[in-house]
Amino acid sequence: MASTRPALPWLPIALMGVVILLALPFAAVSVVKGAQGLGGAPVTPERLMHQGAPVASLGMFSHMIAGGLLTVLALFQSIGALRRRWPRLHRLGGRVVVVLALLTALGGLVYIALKGTVGGAGMSAGFALYGFCVGGCAIFTWRAARAGDFVRHRRWGLRMVWLAIGSWLYRVQYGAWYALTDGLASTPDFAGAFDRFMFIGFFVPHLLILEVYLRARGDIEPARQRG
């Protein structure tokens, strides 16, 4: 009997595979350093180590482990062809992504509350906003799926994916900026104009562009599909 499974569109999958491969080194380093930190081994940069603050250290290193895994798994979740071919795997992966997102957000927020960030109050505020967005989008994505509202689930899921890769994009954007401008308007203490923009520039512009895309597709109006 011929298979009834839909054929996989290999080009989009291959393109997403390239993105995953590019993000994988960042994710791997984040997970390894987080695990080393939890085990008490030295971690660079040294400012991540807080011998007298176990709760802050637990928050940071848990954030690193969960965030690294989230970066890659969220990208896999966004591949529509795989979701349609293996829906049960998508649902299982979605639950894992939600848990990772909440752990990532909680760990980062705990660390910011206890130790702040190297860039001062502005960076702390921007990164805390990012953490709340990650956790909030994860919850809304899960709630929409539970309600059977798959249009809303898709919208929140796309937001979740962009937020999930935010830490990686932060480093990509900094790398590109330094390659193109030799670090113009950026200082070691994150006091430059570019640094201040990047307090939210690694996630807010991407979300705004996504909203424009959703409106252009007509996906922004409430809709409910039961299944």
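Since this is a predicted model, take the numbers as computed values, not measurements. Within any chain, residue numbers begin from 1 and follow the written order of that chain's sequence. In keeping with the predicted nature of the model, local features appear solely for residues at pLDDT of at least 70, side-chain atom pairs appear and are counted solely at 80 or more, and the whole-chain, interface and lining totals rest on all residues. Side-chain measures here rest on the full set of heavy atoms in the structure, leaving out hydrogens and waters.

> Please explain the packing of helix α8 (residues 193–201) against helix α9 (residues 204–217) as it appears in this structure.
The angle between the axes and the distance between the axes are what describe a pair of packed helices. Think of each axis as a best-fit line through the C-alpha atoms, taken over the contacting stretch in the case of a helix, with angles from 0 to 180 degrees between the N-to-C directions. A run of DSSP states H or I qualifies as a helix once it reaches four residues; a run of E qualifies as a strand once it reaches two. Both are numbered from the N-terminal end. The geometry of α8 relative to α9 is characterised by a closest axis approach of 7 Å and an angle of 50 degrees between their N-to-C directions. If you check the angle between α8 and α9, you find them oblique. Listed contacts from α9 to Phe-197, Ile-200 and Gly-201 of α8 are Val-204, Pro-205 and His-206. Classifying every residue of the contact of α8 with α9 gives 4 nonpolar, 2 polar and no charged. Reported orientations rely on four angle classes, namely roughly parallel under 35 degrees, roughly antiparallel over 145, roughly perpendicular from 65 to 115, and oblique for the rest. Residues are treated as being in contact if the distance between any of their heavy atoms lies within 4.5 Å. The classification used treats Ala, Val, Leu, Ile, Met, Phe, Trp, Tyr, Cys and Pro as nonpolar, Asp, Glu, Lys and Arg as charged, and all other residues, Gly among them, as polar.

> Honestly, the side chain of Thr-117 in this entry has me stumped. Any pointers?
As for its placement among the helices and strands, Thr-117 is situated in the loop between α4 (87–115) and α5 (121–146). Each polar contact in these results corresponds to two N or O atoms within 3.5 Å; when the atoms are within protein, one needs to be able to donate a hydrogen and the other to accept it, and residues that are neighboring in sequence are counted only if both atoms are side-chain atoms. Only 2.9 Å separates the side chain of Thr-117 from the side chain of Ser-124, close enough to count as a polar contact.

> Whenever I open this one, a positive patch on the surface confuses me. Can you help?
What makes a patch is a set of residues exposed beyond 30% relative accessible area and free of salt bridges, joined within 9 Å when like-charged and within 5 Å when nonpolar (Val, Leu, Ile, Met, Phe, Trp, Tyr). Here, Shrake-Rupley sampling with a 1.4 Å probe gives the accessible areas, and only protein chains in the shown set may cover a residue. Any Lys or Arg side-chain nitrogen located within 4 Å of an Asp or Glu carboxyl oxygen qualifies as a salt bridge. Charge assignment: positive for Lys and Arg, negative for Asp and Glu; neither His nor the chain ends contribute. Positions of charges follow a simple convention, taking NZ of Lys, CZ of Arg, CG of Asp or CD of Glu. Together, Arg-88, Arg-91, Arg-95 and Arg-146 give the surface a local cluster of positive charge. Sorting elements by how many residues they give to the positive patch places α4 first, with 3 residues. Within the secondary structure layout, Arg-95 lies in helix α4.

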